[in-house]
Amino acid sequence: MRTGKGAGEGSAELLIEGVAKRFGDVVALDHVSLQVAQGELLTILGPSGSGKTTLLKVVAGFETPDAGRVTVGGANITALPPAKRDIGMVFQNYALFPHLSVKANVAFPLEMRNVGRAEIDRRVGEALAMVELAGYEARLPKQLSGGQQQRVALARAIVFNPRLLLLDEPFGALDRKLRETMQLEVRRLQRRLGLTTIFITHDQEEALVLSDRIAVMNKGAIQQIATTTEIYERPANDFVADFVGESNILHGTMSAPGLVALPDGRKLMVDSEAAPGAKVGVLMRPERFAPGGINEFTGEIVEAVYLGTTFKLRLACEGGQELLVRQPARGPLPAAGTTITVGIDPEAIHVF
Amino acid sequence: MDIKRPHRRHVLSLVGGAAAVGVSGRAFAQAEPPKPTQIVVNHSGGSMGTAMRKAFFNGFEKKYGIRVVETSPVDFGKLRAMVDSGNVEWDLTEIGGQDAIRASKLNLLDKVDPKVVDRSKYPPTAQNPNVFASSVYTTIIGYRTDVFKGGTHPKSWAEWWDVKKFPGARSMRNHPTDNLEFALIADGVPKDKVYPIDFDRAFKKLDQIKPHVTAWWSTGQQPAQLLLDKEVVLATGWNGRFYDVIKKGGPIEIEWNEGALKQGSFAIPRGAKNPYWANKMLAELAVPQQQAVYASELGYPGLNLESLNFVDAKVKPYLPTAYLDKQFWISDEWYAENGAKAQELWNAWMLKKA
Amino acid sequence: MTTRAAWPALPALILLLVFFLFPVVRMLGFSVEAGTLDWYAKALGEGLYLRVFWNTFEIALLVTLFCLLLGYPLGFLMATTTPGWATFGFICVLLPLWTSVLVRTYAWMVLLGRNGVLNRTLMESGLTTDPLPLLHNFTGVLIGMVHVLLPYMVLPIYGAVRRVDPAIPAAAAGLGASSARIFWRIYLPLTLNGIFAGSVLVFVLSLGFFITPALLGGGRVMMIAVLIEQQVRETLNWPFAAALSAVLLVFTFAVYAVAQRFTQSEATR
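Residues numbered from 1 in each chain as written. Chains lettered and ligands numbered in written order. Predicted model: local features only at pLDDT ≥ 70, side-chain atom pairs only at ≥ 80, totals over all residues.

### Some thoughts on the sheet that holds strand E5 (residues 75-76) of chain A
Residues and elements named next belong to chain A. Strand order in the open sheet made by the four strands is E2-E1-E4-E5, with antiparallel pairing throughout. Strand pairing shows two members of the sheet lacking a second neighbour, strand E2 (26-37) and E5, which therefore form its edges. In this sheet, E2 lies alongside strand E1 (residues 12-23) in antiparallel orientation, the contact comprising eight bridges. By the bridge assignment, Ala-12 is partnered in E2 with Ala-37. The sheet strands contacting helix H1 (residues 52-60) are E1, E2 and strand E4 (67-72), and the helix crosses E2 at an angle near 60°. (Pairing = 2+ DSSP bridges. Helix = DSSP H or I, 4+ residues; strand = E, 2+ residues; numbered from the N terminus. Contact = placed C-beta atoms within 7 Å. Axes fitted to C-alpha atoms, helices over the stretch in contact; angles between N-to-C directions.)

### Focus: the pairing of strand E3 (residues 92-95) of chain B
All names here are of chain B. Residue alternation in E3 divides its side chains into two sets, Leu-92 and Glu-94 and Thr-93 and Ile-95, and both sets are buried. Here strand E1 (residues 38-42) pairs with E3 via two bridges, running parallel. The residue bridging Val-41 from the neighbouring strand is Leu-92, located in E3. Bridge count for E3 against strand E9 (residues 252-269) is three bridges, and the pairing is antiparallel. The residue bridging Ile-95 from the neighbouring strand is Ser-265, located in E9. (Buried ≥ 20, exposed ≤ 12 C-beta atoms within 10 Å, placed from the backbone.)

### Comments concerning the confidence of the model for chain B
Per-residue pLDDT for chain B has a mean of 88; in total, 91% of the residues score no lower than 70. Predicted confidence for residues 1-29 of chain B stays below pLDDT 50, and this span has 22 contacts to residues more than four positions away or in other chains. (pLDDT = per-residue confidence, 0-100.)

### Brief notes about the domain arrangement of chain B
Residue and element names in this part refer to chain B. Partitioning chain B into domains gives domain 1 (10-136 + 263-317) and domain 2 (137-261 + 326-351). The set of elements that each furnish at least two residues to the side of domain 1 that touches domain 2 consists of helix H4 (97-105) and strand E5 (132-144). Considering each element in turn, the side of domain 1 that touches domain 2 owes the most residues, four residues, to H4. Residues that form the side of domain 1 that touches domain 2 fall into these classes: four nonpolar, six polar and one charged. (Domains from an automatic or database assignment. Nonpolar A, V, L, I, M, F, W, Y, C, P; charged D, E, K, R; others polar.)

### Side note on the environment of A:Arg179
Residues and elements named next belong to chain A. Inspection of the secondary structure assignment puts Arg-179 in helix H5 (residues 176-193). Among the residues examined, Arg-179 registers 21 C-beta atoms within 10 Å and is labelled buried. With 91 residues separating them in the primary sequence, Arg-179 and Val-270 have C-alpha atoms 38 Å apart. Ignoring sequence-local partners within four residues, the contact set of Arg-179 consists of Phe-171 and Leu-174.

The following block contains the structure:
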């Protein structure tokens, strides 16, 4: 596991230390530790059942961990009930109060804090303006579209200036286009308000778009925490490499400095300082293959798909190796059955 | 009220026809209608049904090979609906005293056949042509023997009303019948001069006892239960219910004086499917030995006065027919006329704040 | 709804027509058999019957209120506790429905009597010196009826609480609401339909009670069903019974309509 550079130790707003949680025999969280800096947006990325939702619940206070502690701004909140944590949260299905108007929904956290009427009106107005819902005050949630409901949920979560904002897969129910708009809007708002934010998703693309840093989780443990580029370019292990983006992953042994011996006898030139004899994983992103690359692969096209800007090709190489390759979409789509040769430079190969 | 409704008479015509032809009677006695596989007798159910099976139904089934199907409960409304619709399920049904009179007036009942049912040993009051008096029951005083020892219990309605001399919680029936009469007797009206009832006088007297009545009972098993649970120390109740507790050794005894006698009755609904066999069943109900069996079970003797000769000496003191002269008969005729009014006044009186 | 979509409901409609609407129409017919409204004049004009109607509504209202006070927490707990406890709760709540009215009523007589279990325990523990009058009065009727009717309140409320998405109260907690405020601001408004359904059921069923009041009320608590039953079974005055029933029916519908208007306006606030 690597720790990324984004979070300087001193400025950690949220600190999670050795948090563990079991449900019967199932280990949901296996001593997870991480920190989030003031104003940072950290995404927890993982498949369902990876423990990311449990981790979020522990932070929000809906689950009590078996071990470990959670600190916000230096204060230990591990045993604090949700109502006392001062954390804004947007739920998967927004969890808007169906019987309350948009205004009453957004005013709710302020009322709970006994804010005065006039102040409530002012802040609700501001929050709704921020999410571009001014004029919708009197509507009921069911009279709004999915995207609008999402904005109400967001306004409700930020209106009381929480110390922390938690987003639990908030875009899952939206169609693609709306999702992209909302992602950018959330990102913009989060930056503008400087909100320390944890964002939960299973969608790696979404994670790459939104995050300052990503924590990839699997089986209750964090596999890697790093900046988006680092996660993509230099994944720490098979799981991260496979889960984030399209990938070709091979395994081999360092036979000499800068040389990986694959099981079929082929040797790959790589840019790695791993000691000879070490067992290593090799990651080749499909889009990093280019004509004239140093390490050459020749294979027959098994499947060719046109994707607008690129062709996605599946190659069956000599020696039984299968490769996923993307090429700029120029000229006609290569026919299946054609044999082609592609190459990849040592710098484009990540060894782990 | 229109009572002249057409009725299905085809079944009856068989019996009627046989009776008309059989002027001398006996010669045609064998010409009885074919035996059905079963007849239906409707009664109140419960322990009464068990006793009737033991005393009458088993013998009937053995004698004639006709199964006796028992149904319950007794329901005047249902009887009326059955006869009106011409779909009569019951061959014979138990019927309350006033209901029997009203049913006769509404022409809902068939006649009891004197050639089949022998009522020569019955008192003249129990010879109604449409109604068979099957048994006698009485509303009397039940008391706790551990509270009133050695004959210190109230022995008349005047004493029942005397709460100073006979203190303790009482229970009476939530119904005008019995209570109006008891009140008048307590107020000095001789027990044979109770009818027609003077409502004002009766209710005025009842006002006096009202605060001392803890529970107004509405089902037959309540009085004995209230006594057993010590909810009350005195309760009016039906003799058979007290008899049942006494038989089992419960701390209860009966004061028979000034009890209100009523007769349990059976009648054949007009349009019944097997009227002849229903009459045969009534004949079985009139046999004194069988009545004695029934009386020993429940404490409700039949009106064949000979039946007292066949009961055990230990049982006899618990049968109301042994004390006929100390008691009085409730007038079904009066209630048939005035029952609704009495009920309404009673309800109003019950609602009145004590 | 289109005509075609209504077809599958036809058997149910016919059933309702034959077994519900027809008898009601017959009953209404009975009440005006004589061609006059005399029986209605009697039902509504005489103090006795108005008093009993009023009694009946008063009792039904109180029973509904107590059922609600007991049933809401119970239904709420059952809906939010573990499945094991919920099952246990169900058994306890439904048990009275599986026993006969008489058995239930006698059980209460044993418990509530002057020398009943409750009074003896109270007196032996020195909490009271004289037996409390729990039986043969209004209190007894109330206790007995609330017991019998509680399931009809608990089940709709249980259902309503179950229908609340658990994320909603969680969201409220996260936004700073205390348990009490979550209840008043979130659960209560979101379960109003369950409260309404339960209350209407209990109220309407209460109106028809007569065995429990007769036995536990010691004759002192008179409800309209008792009078109707008297008219049907004893006095045989079916037209009057029908008129009383019709008045009861109209009152019931009126209460239902008012209650529905009230809850609907609450729910869409």
